[in-house]
Amino acid sequence: MYDDYEFLKVEPGDDRILRITMNRPDKLNASGEQGHGEQGRIWKDFDADPDMNVAIITGAGRAFCAGGDMAAGNGPLEVDTRDGRAIVRNMLACRKPIISAINGVAVGGGLAVALCADITLASERAVLIDGHIKIGMAAGDHAALIWPMSIGMAKAKYNLLLCEHITGQEAADMGLVARCVPHDDLMPIAEGIAAKLARGPQFALQATKAAVNGWYHHNIAIFEHSLYAEAFSRTMPDAQAGVAAVLKHIEPEFPGVANADMY
């Protein structure tokens, strides 16, 4: 059932652990249209697989996922929005535990994959960046839903509005991820946790996940609002200036600076 994945390397194990690797290391695992769709679809396939009890997702090479492919894009706006919704909603709806092993930089939609997991482990080399506002877009994907519940409103607004770079240790200290571990220990620790969950009482594990995720589902309208705010912001001159600046490796000059009555 996993044969048609290209961006994701999907390895079902005899130990009932599904190992998933975002596998485009030459692009820091930036997703592109194909990858963005797979990042949402995989969770439905995992949920429906009777032989898998727990999943681990990580990135190949030195990055977890650098978000969308800034040069090629993630496809038409309506497709990108649909796939962004699928990542968050499908990860939250998946009955089985998901572990993210954040081995390096995690940005944008890649950060959504990292933080919507049930157990979030960060390497000491990890760097977490929402990054949307830096390119003139509203913080959609996941952040308006996940961050305030994880780290509180004050820190969520501070980091999202300023697009601060957050190290793995800082993320753990503020509660954005569960643990920060030495880089070489990241995958062994993730594997150990996965093995424990795979051998555990599956109904109890799944029921607990569902109950706790009720906090997210209760507030899912916040996510939908942010998703469409991001989609609309992508059509505006600030986003066009922001993306162009990133591709040219220069600081953006946002036309919207001169008009504060935009929203």
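A short tour of the structure in this document, coming up. (Residues numbered from 1 in each chain as written. Predicted model: local features only at pLDDT ≥ 70, side-chain atom pairs only at ≥ 80, totals over all residues. Heavy atoms only, no water.)

1. Focus on the sheet that holds strand S4 (residues 63-65)
Each strand in a sheet pairs with its neighbour through backbone hydrogen bonds, running either in the same direction (parallel) or in the opposite one (antiparallel).
Working step 1: The strand order across the open sheet formed by 4 strands is S4-S6-S8-S9, and the pairing between neighbours is mixed. With one partner strand each, in any of the chains shown, S4 and strand S9 (166-167) form the two edges of the open sheet.
Working step 2: The pairing of strand S8 (residues 127-129) with S9 spans 2 bridges and is antiparallel. By the bridge assignment, Val127 is partnered in S9 with Thr167. (Pairing = 2+ DSSP bridges. Helix = DSSP H or I, 4+ residues; strand = E, 2+ residues; numbered from the N terminus.)

2. Overview of the packing of helix H1 (residues 32-48) against helix H2 (residues 77-93)
Working step 1: One way to put it is that H1 packs onto H2 with a least axis distance of 8 Å and a crossing angle of 30°. In terms of orientation, H1 and H2 fall into the roughly parallel class. Between H1 and H2 lies a crossing of left-handed hand. Only Val79, Asp80, Asp83, Gly84, Ala86, Ile87, Asn90 and Met91 of H2 make contact with H1, whose side of the interface consists of Glu33, His36, Gly37, Gln39, Gly40, Trp43 and Lys44.
Working step 2: For the contact of H1 with H2, the residue count by class is 5 nonpolar, 6 polar and 4 charged. (Axes fitted to C-alpha atoms, helices over the stretch in contact; angles between N-to-C directions. Parallel < 35°, antiparallel > 145°, perpendicular 65-115°, else oblique. Left-handed = near helix turned anticlockwise from the far one by under 90°. Contact = heavy atoms within 4.5 Å. Nonpolar A, V, L, I, M, F, W, Y, C, P; charged D, E, K, R; others polar.)

3. Regarding the packing of aromatic side chains
Working step 1: In the structure shown here, the tally under the stated rule is 1 aromatic pair.
Working step 2: Judged by centre distance (6.4 Å) and plane angle (45°), the ring pair of Tyr2 and Tyr5 falls under tilted. Summarising the burial analysis for this pair, Tyr2 and Tyr5 share the class buried.
Working step 3: Its end group placed over the ring of Tyr5, Arg41 keeps NZ or CZ at 4.3 Å from the ring centre.
Working step 4: Directly above the ring of Phe46 sits Lys96, whose terminal nitrogen or CZ lies 5.2 Å from the centroid. (Phe/Tyr/Trp six-rings, centres within 6.5 Å; stacked < 30°, edge-to-face > 60°. Buried < 20%, exposed > 50% of the residue type's maximum accessible area, 1.4 Å probe, protein only. Lys NZ or Arg CZ within 6 Å of the ring centre and 35° of its normal.)

4. Observations regarding the pairing of strand S1 (residues 8-12)
Working step 1: Bridge analysis of S1 against strand S2 (residues 17-22) gives 5 bridges, and the strand direction is antiparallel. When the bridges of S2 are listed, Glu11 appears paired with Arg19.
Working step 2: Counted between consecutive antiparallel strands, the loop separating S1 from S2 contains 4 residues, among which Arg16 sits at a positive phi close to 70°.

5. Considering the pattern of salt bridges
Working step 1: For the coordinates displayed, the defined rule picks out 12 salt bridges.
Working step 2: The partner of Asp4 in a salt bridge is Arg41, and the shortest N-O contact between them spans 3.2 Å. Remark: Arg41 occurs in helix H1 and Asp4 occurs in the segment before S1; sequence separation between them is 37 residues.
Working step 3: Residue Asp4 is classed as partly exposed on the basis of its relative accessible area of 45%.
Working step 4: Measuring nitrogen to oxygen at the nearest pair gives 2.2 Å for the salt bridge that ties Asp80 to Arg234. Separated by 154 residues along the polypeptide, Asp80 in helix H2 and Arg234 in the loop between helix H9 (220-233) and helix H10 (237-248) bring together distant segments of the chain.
Working step 5: Take Arg234: its relative accessible area is 26%, and that puts it in the partly exposed class.
Working step 6: Overlapping salt bridges bring together Asp4, Arg41 and Asp45 as one network. (Salt bridge = Lys/Arg side-chain N within 4 Å of Asp/Glu carboxyl O.)

6. Some remarks on the sheet that holds strand S7 (residues 119-123)
Working step 1: Read from one edge to the other, the open sheet built from 6 strands follows the order S1-S2-S3-S5-S7-S10, with strand pairing classed as mixed. Looking at which strands have only one partner, the edges of the open sheet turn out to be S1 and strand S10 (179-181). The average angle at which neighbouring strand axes cross in this sheet is 20°, direction not considered.
Working step 2: Its contacts with the sheet put helix H3 (residues 108-115) on strand S3 (54-59), strand S5 (98-102) and S7, and the angle it makes with S5 is roughly 130°.

Shape descriptors only; they carry no functional weight alone.
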